[in-house]
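# Structural description and commentary
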Amino acid sequence: MMTQQAKETNREGNTNLSGTDPVKILIVDDLKDNLLALEGLLRRDDVNIFKARSGSEALELMIAHEFALALIDVQMPGMSGFELAELMRGTRKTKNIPLIFVTATAQDQSFLFKGYERGAVDFLLKPLNTHTVKSKVNIFIELYRQRKELEKLLADREKLAREQIHIRTKAMESTVEGIFIIDVKKPDFRVIYANPSFYSQTGYAAHEVIGKDFFALHRDDAALCSVFEMKEVIGRGKSFQGEMQNLRKNGENFWSSLRLAPVRDISGDITHYVGTQTDTTLMKQKDLKIEEQREVLLHITRVGKLAEFVASLAHEISQPLTAILSYAQGARRMLADREPQVSEILQYIANDDQRAAEVIRRLRALLKKNKPAVELLDINVLITDTITLIMTHITVRNKVIKFELAGDLPFIHGDRIQLQQVLLNLISNSLEAMDERRDSSELLIRTLRKDNAMIMVEVTDSGCGIPAENMDQLFVHFFTSKADGLGMGLSISRSIVEGHGGRLEARNNPEQGATFYFTLPVGAVTALTPPVGS
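For clarity, every value in this text was computed on a predicted model and none was experimentally measured.

A separate point is the overall build of the chain. The secondary structure content of the chain amounts to 13 helices and 17 strands. Out of the 534 residues in the chain, the part that is buried amounts to 38%. Element-wise, carbon and sulfur atoms account for 55% of the exposed surface of the chain, whose accessible area totals about 30600 Å².

As structure tokens, this is what we get:
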């Protein structure tokens, strides 16, 4: 049990004029007079002196306090100073406390050697020399303070280093850029670090990346050239930057902008490469979409120029057709009585000439940029007139067109040219769908009364039908399943029909082929606007 004497401290040392924390010194001696004498020598404002009269009391104080120095009398009953020092060396808390042995019996070198062997840093011989005692103790006090300042400095630096590492790590983990580090000291290019964004971009988990060859993650054939280039750049100790296509773990393609930079150790040798990977898939898709739309617009421009050319050509052809008709009619009148068979042939020529002229007239009307003109229309007549325009096209394809036209349909109000554009587009699409099947040759156009307010037109083919995944996109601008398609015909056709107050839809037939159908109101349409994209 610690005695009251052992608990006493230097009360005068509680006030530290220097502003530094008081240094603690332990004095161990079984004689009270010796303790008081030594305390009197060592007393100063910046020192707290603890006293113990036995080895056990000293050990209790050492466990409770941190001492800069312990002055221990060698000759003590029960536990000698050497035995106390031996116990101190076995405890982490006390083994590094500097020891000065106080003795009056340093007879020979072996005695001193035994003390140093127990951990002593010095000896004080009785009777004590005041100057010697103060000088030696002051040295250890100064050394203790220097050590504490160095420890604080190192602790502050370590704390700062930990904070910087924490901030840098959190910054790397928070960024949307995929960051990774690969070890290039060996040829297997193992990944030693990757941040969460890298895992999110690639779809891999940490155990599938860390310790694995970085380039083994590049499974797309398109990435092989980039992999070869990256390895060659790393071999030369240079930086790499490029855009590449790769596969996520689930097989999905993605584009990334990849940058690699060398990391050198303290000797200047390249040991690692740090990489940043930016997912540019959305940007790439937008660029591709813009490029597609640019090509579409260029194609539309070419089609527009072609339409102008066709309109001009139709005008030029109409003049010789007029002349041919005049010559045929004149020759027929001259040969009507003398050569009836020749006259009949000339009549055929005149009839075909008139039909050709009518086709050209309607073609010019279709291409002419007029404002929508609402008029009273017979939908059945409109359909037969439209078929006349493309009958040759149908015949050349060896297709057969059939009609089921209801005879009791009311007239509708609409723009002839716009509705012909819808019919031409639907019939043309059906013919192209039928071309993909050898056993497909029949096209049916049907009209019927849907209800009191609407009539319906159906264009049914026997082609390949509409893939289920395309059904929701059929009428979206620029969507097409054709290699040379614009993706505008159906969207424009729907706009035209909706402008007339109807609706254009599509469905697959139960057996084969597809049916495009639209409705038109029986009531009057007050005004029409040009369809979007026309």
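Next, the rest of the story.
In total, this model carries nine aromatic pairs according to the counting rule given. Residues Phe 82 and Phe 101 carry aromatic rings whose centres are separated by 4.9 Å and whose planes lie at 80° to one another, so their mutual orientation is edge-to-face. Of this pair, Phe 82 sits in helix α4 (residues 81-89) while Phe 101 sits in strand β4 (residues 99-103), placing them 19 residues apart in sequence. Under the relative-accessibility criterion, Phe 82 is labelled buried at 6%. Note on Phe 214 and Phe 215: the rings are 5.2 Å apart at their centroids and 70° apart in plane angle, and the pair reads as edge-to-face. When its relative accessible area of 5% is taken as the criterion, Phe 215 is described as buried. Members of the aromatic cluster, each reached through a chain of ring pairs, are Phe 180, Phe 189, Phe 198, Tyr 199, Phe 214 and Phe 215.

Time to look at the layout of surface pockets. Empty space among the atoms can be located by rolling a probe the size of a water molecule over them. Approximately 270 Å³ is the volume found for the second largest pocket. For the lining of the second largest pocket, the secondary-structure elements that each account for two or more residues are β1 (23-28) and α6 (130-174). With four residues, the top contributor of residues to the lining of the second largest pocket is α6. Grouping the constituent residues of the lining of the second largest pocket by class yields three nonpolar, one polar and six charged.

Taken together, the five strands give an open sheet; going across it, the order is β12-β14-β15-β17-β16, and neighbouring strands pair in mixed fashion. Each end of this open sheet is capped by a strand with a single partner; those strands are β12 (400-405) and β16 (504-508). This sheet shows a mean twist of 15° between the axes of neighbouring strands, independent of strand direction. Sheet topology note: the β16/strand β17 (residues 514-521) ladder contains five bridges and is antiparallel. Counted as the bridge partner of Ala 506 is Phe 516 from β17. The strands touched by helix α11 (residues 379-396) are β12, β14 (442-449), β15 (454-460) and β17; relative to β12, the strand with the most contacts, the crossing angle is about 175°. Running at roughly 130° to β16, helix α13 (residues 489-499) makes contact with β16 and β17 of the sheet.

What follows covers the side chain of Asp 461. Turning to its location among the elements, Asp 461 is positioned in the loop between β15 and α13. At 2.9 Å, the side chain of Asp 461 and the backbone nitrogen of Gly 463 are in polar contact. The contacts of Asp 461, once residues within four sequence positions are left out, are Ser 430, Ala 433, Met 434, Glu 442, Leu 443, Asn 509, Gln 512, Gly 513 and Ala 514.

Moving on: empty space enclosed by the protein. In the structure shown here, the tally under the stated rule is one cavity of 30 Å³ or more. If you add up the space inside the largest cavity, you get close to 30 Å³. In this structure, the largest cavity is lined by Phe 198, Thr 202, Phe 214, Leu 217, His 218, Asn 246 and Gln 277. Across the lining of the largest cavity, the residue classes tally to three nonpolar, four polar and no charged.

Under the definition given, this model contains 33 salt bridges. Glu 243 is paired through a salt bridge with Lys 284; the nearest N and O atoms lie 3.7 Å apart. One end of the pair, Glu 243, is in strand β8 (residues 240-247); the other, Lys 284, is in helix α9 (residues 281-335), with 41 residues separating them in the sequence. Judged by relative accessible area, Glu 243 falls into the partly exposed class, the value being 44%. Residues Asp 279 and Arg 248 are paired through a salt bridge, measuring 3.3 Å at the closest nitrogen-oxygen approach. Of this pair, Asp 279 sits in strand β10 (residues 270-279) while Arg 248 sits in the loop between β8 and β9 (253-264); the two residues are 31 residues apart in sequence, bridging distant segments of the chain. The class for Asp 279 is partly exposed, based on a relative accessible area of 31%. In the salt-bridge network here, residues are joined through shared partners; they are Glu 66, Arg 147, Lys 148 and Glu 151.

Cut-offs applied
- Residues numbered from 1 in each chain as written.
- Predicted model: local features only at pLDDT ≥ 70, side-chain atom pairs only at ≥ 80, totals over all residues.
- Heavy atoms only, no water.
- Helix = DSSP H or I, 4+ residues; strand = E, 2+ residues; numbered from the N terminus.
- Buried < 20%, exposed > 50% of the residue type's maximum accessible area, 1.4 Å probe, protein only.
- Areas by Shrake-Rupley, 256 points an atom, 1.4 Å probe, with all protein chains shown as cover.
- Phe/Tyr/Trp six-rings, centres within 6.5 Å; stacked < 30°, edge-to-face > 60°.
- 1 Å grid on protein atoms, 1.4 Å probe; cavity = no way out; pocket = protein on both sides within 12 Å on 5 of 7 lines; lining within 4 Å.
- Points joined across faces, edges and corners; volume = space filled by probe spheres on them.
- Nonpolar A, V, L, I, M, F, W, Y, C, P; charged D, E, K, R; others polar.
- Pairing = 2+ DSSP bridges.
- Axes fitted to C-alpha atoms, helices over the stretch in contact; angles between N-to-C directions.
- Contact = heavy atoms within 4.5 Å.
- Polar contact = N/O pair within 3.5 Å; in protein donor to acceptor, adjacent residues only side chain to side chain.
- Salt bridge = Lys/Arg side-chain N within 4 Å of Asp/Glu carboxyl O.

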